[in-house]
Amino acid sequence: MNDQESYRRNDVKLIKISDHVWTTQWGNSNSNISIINGKEYSILVDSGYPFQAQSIKLEMERNSIAPIKYVIYTHYHQDHVFGTCMYDYETVIAHSSTKNLMEIMLQGLWSERGLKRMLRNYSIMMSKLDEFHIALPTQTFDDSYELHYDEFCVTLKKAEGHCKGGIIVHVEPDDVVITGDNMFVGSYPYLLETDINEEMKILDSLLESKPAVIVPGHGDCATLDDVEYMKYYLNELVRCTKEGEEEQLLGKKFWDQDEEGFHVKNIQYIKRLMEK
């Protein structure tokens, strides 16, 4: 993120949204971190950045949340996986493509040289490089994966709309769906790796299944109206680009928050797709 002030907000509160699920409500562009809580252990869904971990740990203690056993990655982007090293856990679970993409990143942007550059630019992400490491998935799957517990069942399903290796997490009997970055609320989505057709299918599936609670990758818990609005935005991107009406798109404000300039980048991305 370019706005470092948003990263300095570490006064996060965990909010209980169902019998077993807690999630963050940052109220800004930070990625959401969720916890599925059982009697003996809990499951962390996305770990954010290292600087956020202390607040999450304090919130877990304050709310008597069980120790973390599993960490689930909804996808490979750094704002969802860099914080894992700050927690005690047994297993990291992700789609096989997420592991592959993380291994590729470790040879480039996430190499020691790349991380040193990142540390200089965003010192608030981690205090010292030697205190930080990237935790790769230790358990992977291709299509779906289930975790059964006495009180709940967690189903992970491939959902490669936002990017390769993306998944959604469904918690039963709570009927909570954690979408990762397949869903944004209150700000422009990052679409630069998105398969628009797959993304539309995921949004249609949410509208059809009508889960009790939808936790997006960024923003407050989503309503079905939020899902419809994201579909509308995607449709408008495609329609206006096809019809050569990019200027109309640029002049339209869909959300208030666009710290990264994603709207312009999204238009450029869709235009490149159309030209292929």
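First, a word on what this report is: a plain description of the structure on this page. The shown structure was predicted, so the numbers you read here are calculated from the model rather than taken from an experiment.

### Points about the side chain of E160
1) Next: Note that E160 resides in the loop between β9 (153-158) and β10 (167-172).
2) Next: With no salt bridge to any partner, buried E160 finds its closest opposite charge in K164, at an N-O distance of 4.3 Å.
3) Next: In terms of polar contacts, E160 uses its side chain to reach the backbone amide nitrogen of G165, at 2.7 Å.
4) Next: Sequence-distant contacts of E160, defined by excluding residues within four places in its chain, comprise H95, S97, G165, G166, D195, E198 and I202.

### Considering the sheet that holds strand β5 (residues 68-72)
1) Next: Within the open sheet, the 7 strands sit side by side as β1-β2-β3-β4-β5-β6-β7. Their pairing is mixed. Edge positions in the sheet fall to β1 (14-16) and β7 (139-141), since each of these pairs with one other strand and no more. Taking each pair of neighbouring strands and ignoring which way they run, the sheet shows an average axis angle of 25°.
2) Next: With 4 bridges connecting them, strand β3 (residues 34-37) and strand β4 (residues 42-45) associate as antiparallel partners. Each bridged residue has a counterpart across the sheet, and for I35 the counterpart in β4 is L44.
3) Next: Contacting β1, β2 (21-24), β3, β4 and β5, helix α2 (residues 50-62) crosses the sheet at an angle of about 40° to β1.

### Some thoughts on the pairing of strand β8 (residues 144-148)
1) Next: In the sheet, β8 pairs with β9 via 5 bridges, with the strands oriented antiparallel. Its bridge partner lying in β9, S144 is registered against K157.
2) Next: Between β8 and the antiparallel strand that follows it, β9, lie 4 residues.

Rules used throughout
- Position numbers for residues start from 1 in each chain and track the written sequence from start to end.
- Reporting in this predicted model follows two pLDDT cut-offs: at least 70 for local features of residues, and 80 or more for side-chain atom pairs to be given and counted; totals over whole chains, interfaces and linings ignore these cut-offs and use all residues.
- To get the side-chain values, take all heavy atoms of the structure and skip hydrogens and water.
- A run of H or I in DSSP becomes a helix once it reaches four residues, and a run of E becomes a strand once it reaches two; helices and strands are each numbered from the N terminus.
- Exposure is judged per residue with a 1.4 Å probe applied to protein chains only, and the accessible area is read against the type maximum: over 50% gives exposed, under 20% gives buried, and values in between give partly exposed.
- Under the convention used here, Asp and Glu are negative, Lys and Arg are positive, and both His and the chain ends fall outside the count.
- Between Lys or Arg on one side and Asp or Glu on the other, a salt bridge is scored when a side-chain nitrogen of the former is within 4 Å of a carboxyl oxygen of the latter.
- Polar contact is defined as a pair of N or O atoms within 3.5 Å, subject to the rule that within protein one atom must be able to donate a hydrogen and the other to accept it, and that residues adjacent in sequence are counted only when both atoms are side-chain atoms.
- Working rule for contacts: check all heavy atoms of both residues, and any pair within 4.5 Å makes them a contact.
- Note: two strands are recorded as paired if DSSP finds a minimum of 2 bridges between them.
- Only C-alpha atoms enter the line fits that serve as axes; for helices the fit covers just the stretch in contact. Angles between N-to-C directions range over 0 to 180 degrees.

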